Amino acid sequence: MTIFYSNTTRGFYPEDMRADYEQAGTWPADGVKVAPEDEAMLREAITAGATIRKQSGGKWSITAPPPPPFAVLATPYLAGVRQARDAILNRLAGIGFAAMASGDAATAQAVATARTCLLDITTCATVAAAQDLDALQAAVSAEFQRIADALPDEARRAFDDAGTTAPQ
């Protein structure tokens, strides 16, 4: 079966249905025959969002789309960090109030400091400086570690109790 490809519609049209397409007024003016081995390649390129051009001589030129900006990739990861952070903050609040009620000023102060750091975890200098996902994940992990290391053992449990393991 002969297949035609339209770069305008980014669609494939079987030649044996051409009369039906023409009757409907939908046969593409830019339709070109496509070899079976090229059809799979073109379908893959379309799925990837690549730019497709037919060069003189019949060869296809496929240009991959640029990767999405880092900010677009970082957004869902940072949303997850904020969700984990909120669970930790909630648990730390209870630990801090208990420390204040029992007169443990050192733990109460450590918790207050940790809460301030956690609120800034997605905007602190090391996280903001990350330029790729690996660097971002490493920076967030290092910040969680730094914050957890400054807490007494009882307060460190907030990371585990919230369902988030403090980096060890």
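Keep in mind the model is a prediction, meaning the values are calculated, not measured. (Residues numbered from 1 in each chain as written. Predicted model: local features only at pLDDT ≥ 70, side-chain atom pairs only at ≥ 80, totals over all residues. Heavy atoms only, no water.)

## Things to note about the sheet that holds strand β1 (residues 3-6)
The following threshold applies: Two strands qualify as a pair provided that DSSP identifies no fewer than 2 bridges between them. Working definition: helices are DSSP H or I runs of at least four residues, strands are E runs of at least two. Numbering for both runs from the N terminus. All axes are obtained by fitting lines to C-alpha atoms, using only the stretch in contact for helices, and the reported angles, taken between N-to-C directions, cover 0 to 180 degrees.
On the basis of which strands lie adjacent, the open sheet formed by three strands has the order β2-β1-β3 and antiparallel pairing. Both edges of this open sheet fall to β2 (11-14) and β3 (32-34), since each of them pairs with a single strand only. Strand-to-strand, the axes of this sheet are offset by a mean angle of 45°, without reference to chain direction. Bridge count between β1 and β3: three bridges; the pairing is antiparallel. Looking at the pairing, Y5 lines up with V32 of β3.

## Observations regarding the pairing of β1
The condition is simple: Relative accessibility thresholds used throughout: buried, under 20% of the residue-type maximum; exposed, over 50%; partly exposed, between the two (1.4 Å probe, protein chains only).
Neither face of β1 is exposed, since I3 and Y5 on one face and F4 and S6 on the opposite face are all buried. Where β1 and β2 come together, four bridges link them in antiparallel fashion. Looking at β2, one finds that F4 is bridged to Y13. Here β1 folds back onto β2 in antiparallel fashion, the turn holding four residues, of which R10 has a positive phi close to 55°.

## Brief notes about the pattern of salt bridges
Filter applied, for reference: A pairing counts as a salt bridge when a side-chain nitrogen of Lys or Arg comes within 4 Å of a carboxyl oxygen of Asp or Glu.
Following the criterion strictly, the structure yields six salt bridges and no others. For R146, the salt bridge is made with E143, and the minimal N-O distance between the two is 2.9 Å. With R146 and E143 both in helix α6 (residues 133-149), this residue pair falls three residues apart, about one helical turn. When its relative accessible area of 42% is taken as the criterion, R146 is described as partly exposed. Judged by relative accessible area, E143 falls into the buried class, the value being 10%. Here D149 and R156 are joined by a salt bridge, their closest N and O atoms 3.0 Å apart.

## A few points about the nonpolar core
In plain terms, the rule: Each nonpolar core is a collection of buried residues, namely Ala, Val, Leu, Ile, Met, Phe, Trp, Tyr and Cys, held together in the definition by side-chain atoms within 4.5 Å. By the convention used here, residues are in contact when the closest approach between their heavy atoms is within 4.5 Å.
Grouped together as the largest cluster of nonpolar side chains are 25 residues, with contacts concentrated most on L92, L118, F144 and L151. Elements with a minimum of two residues in this core: α3 (70-102), α4 (105-119), α6 and α7 (153-161). With seven residues, the single largest contributor to this core is α3. For L92, the contacting residues outside a window of four places in its chain are V111, A114, R115, L118, L151, A155 and A158. Counting nine residues, the second largest nonpolar core, distinct from the first, contains F12, V34, A45 and A50.

## What to know about the packing of α3 against α6
For the record, the criterion: Roughly parallel refers to an angle under 35 degrees, roughly antiparallel to one over 145, roughly perpendicular to one between 65 and 115, and oblique to any angle outside these ranges. Handedness of a crossing is defined here by the sense of rotation of the near helix relative to the far one, left-handed for an anticlockwise turn of less than a right angle and right-handed for a clockwise turn. Amino acids are sorted into nonpolar (Ala, Val, Leu, Ile, Met, Phe, Trp, Tyr, Cys and Pro), charged (Asp, Glu, Lys and Arg) and polar (every other residue, Gly among them).
For the pair α3 and α6, interaxial distance at closest approach is 10 Å and the crossing angle is 20°. Considering their axes alone, α3 and α6 lie roughly parallel with respect to each other. Classified by chirality, the crossing of α6 by α3 is right-handed. Residues F70, L73, A74, Y77, L78, V81 and I88 of α3 form the contact with α6, whose own contacting residues are L133, L136, Q137, V140 and F144. Split by residue class, the contact of α3 with α6 holds 11 nonpolar, one polar and no charged.

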